[in-house]
Amino acid sequence: MATIVQCLSSCATLESQFKVLSLKGISSSSSFSNRRGGASATLSSSLSFSQSVSQCVAFSSGNLWVQKPTRQLIVCEAAAPTKKADSAAKRARQAEKRRIYNKSKKSEARTRMKKVLEALEGLKKKTDAQPDEIVTVEKLIGEAYSAIDKAVKVKALHKNTGARRKSRLARRKKAVEIHHGWYVPDAVASEAVTMAA
């Protein structure tokens, strides 16, 4: 694997390390040209080091070549700003305030839905339930609808999400009514009429 050693200021310290170096099958007269800059580099059996300019020394599968860089790069680091701009700080404050407000609206809608679903579950499990007991559940459903509509109005919930949640509550209420026989769907009633005839 090729290893690249870059000498940035002086290669004089590397001279002692590369005194004993043998190149296999490389003649000192062969040369090649660089693709990008067209600078030529000469393969040699002995190394010469320059202290005035930086050089690149690379080893690749037993071959050694020395090439002067075509241009010098200067890398600068820019420090990140220590504090946000005033407008960004204001936007961050506004976003946090909206997040807390939206969270409370969504939480209220979920809590109201949970109360309705628990009441419907309890009513469904009752064996001697009366049709009048659904009125208390309908009040809870109205409160849940109101909380969902408020959350949709302030855009804490998407309008389709609000519609889906209200539909879920209505379907659950209808299932309880059908379970106790307080409501007979039209399809079932029409089937009962046709079977009786």
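Fair warning: this is a prediction, and the values are worked out from it, not measured in the lab.

Colleague: Give me the packing of helix H2 (residues 86-125) against helix H3 (residues 134-153): which residues, what numbers.
Modeller: When two helices pack together, you describe them by how their axes are tilted relative to each other and by the distance separating the axes. Two numbers describe how H2 lies on H3: the axes approach to 8 Å, and their chain directions differ by 160°. Taken together, the axis directions place H2 and H3 in an arrangement best described as roughly antiparallel. Handedness of the crossing formed by H2 with H3: left-handed. Mapping the contact onto sequence places Lys-105, Glu-108, Ala-109, Arg-112, Met-113, Lys-115, Val-116, Ala-119, Leu-120 and Leu-123 in H2 and Ile-134, Val-137, Leu-140, Ile-141, Glu-143, Ala-144, Ala-147, Ile-148, Lys-150 and Ala-151 in H3.

Colleague: Which residues make up the confidence of the model for the chain, and what are the values?
Modeller: Counting all residues, the mean pLDDT for the chain is 74, and 53% of those residues have values of 70 or more. Ranking the elements of the chain by mean pLDDT puts strand E1 (residues 3-7) last, at 44, and H3 first, at 96. The model gives residues 18-35 a pLDDT under 50, and that stretch makes 30 contacts with residues more than four places away or in other chains.

Colleague: Quick one: what's the story with H2, residue by residue and with numbers?
Modeller: Over its 40 residues, H2 extends 59 Å from the first C-alpha to the last, a length consistent with the 58 Å expected when each residue adds 1.5 Å. When we look at burial in H2, the residues that qualify are Lys-105, Ala-109, Met-113, Val-116, Leu-120 and Leu-123. In this fold, the buried residues of H2 make contact with H3 and helix H4 (159-180).

Colleague: Before we move on, can you summarise a positive patch on the surface with the specific residues and values?
Modeller: A cluster of basic residues, Lys-90, Arg-91, Arg-93, Lys-97 and Arg-98, forms a positive patch on the protein surface. In this fold, Lys-97 is placed in helix H2. Given the relative accessible area of 64%, Lys-97 is considered exposed.

Colleague: Quick rundown of the environment of Ser-146? Include the residues and the values.
Modeller: By the secondary structure assignment, Ser-146 is in helix H3. For Ser-146, a relative accessible area of 33% translates into the label partly exposed. When the C-alpha atoms of Ser-146 and Arg-112 are compared, they prove to be 9.4 Å apart, with 34 residues separating the residues in sequence.

Colleague: Lay out the nonpolar core with the relevant residues and their values.
Modeller: The biggest cluster of nonpolar side chains holds 14 residues, and the ones touching the most others in it are Val-116, Leu-120, Leu-123, Ile-134, Val-137 and Leu-169. Put simply, the parts of the chain that give this core at least two residues each are H2, H3 and H4. Among the elements that take part in this core, H3 stands out by supplying 6 residues, more than any other. Non-local contacts of Leu-120, meaning those with residues more than four positions away in its chain, are made with Ile-134, Val-137, Leu-169, Arg-172, Lys-173 and Val-176.

Colleague: Quick one: what's the story with the side chain of Arg-165, residue by residue and with numbers?
Modeller: Checked against the element boundaries, Arg-165 lands in helix H4. Although Arg-165 lies buried, it forms no salt bridge, and the closest oppositely charged side chain, Asp-149, sits 11 Å away as judged by the N-O distance. Setting aside chain neighbours within four positions, we find Arg-165 in contact with Arg-110, Met-113, Ile-148 and Leu-157.

Colleague: I'd like to hear about the packing of aromatic side chains, residue by residue, with values.
Modeller: Across all of its chains, the model carries 0 aromatic pairs by this definition. Cation over ring: Lys-166 sits above Tyr-145, and NZ or CZ is 5.6 Å from the ring centre.

Colleague: Requested: an account of the side chain of His-180, with residues and values cited.
Modeller: Along the chain, the position of His-180 falls in helix H4. Reaching out from His-180, the side chain makes a polar contact with the backbone oxygen of Leu-123 at a distance of 2.8 Å. Dropping the residues within four chain positions of it, His-180 is found in contact with Leu-123, Lys-124, Lys-126 and Ala-129.

Conventions we followed
- Residues numbered from 1 in each chain as written.
- Predicted model: local features only at pLDDT ≥ 70, side-chain atom pairs only at ≥ 80, totals over all residues.
- Heavy atoms only, no water.
- Axes fitted to C-alpha atoms, helices over the stretch in contact; angles between N-to-C directions.
- Helix = DSSP H or I, 4+ residues; strand = E, 2+ residues; numbered from the N terminus.
- Parallel < 35°, antiparallel > 145°, perpendicular 65-115°, else oblique.
- Left-handed = near helix turned anticlockwise from the far one by under 90°.
- Contact = heavy atoms within 4.5 Å.
- pLDDT = per-residue confidence, 0-100.
- Expected span 1.5 Å × (residues − 1).
- Buried < 20%, exposed > 50% of the residue type's maximum accessible area, 1.4 Å probe, protein only.
- Patch = residues over 30% accessible without salt bridge, like charges linked within 9 Å, V, L, I, M, F, W, Y side chains within 5 Å.
- Areas by Shrake-Rupley, 256 points an atom, 1.4 Å probe, with all protein chains shown as cover.
- Salt bridge = Lys/Arg side-chain N within 4 Å of Asp/Glu carboxyl O.
- Lys, Arg positive; Asp, Glu negative; His and termini not counted.
- Charge placed at Lys NZ, Arg CZ, Asp CG, Glu CD.
- Core = buried A, V, L, I, M, F, W, Y, C linked by side-chain atoms within 4.5 Å.
- Phe/Tyr/Trp six-rings, centres within 6.5 Å; stacked < 30°, edge-to-face > 60°.
- Lys NZ or Arg CZ within 6 Å of the ring centre and 35° of its normal.
- Polar contact = N/O pair within 3.5 Å; in protein donor to acceptor, adjacent residues only side chain to side chain.

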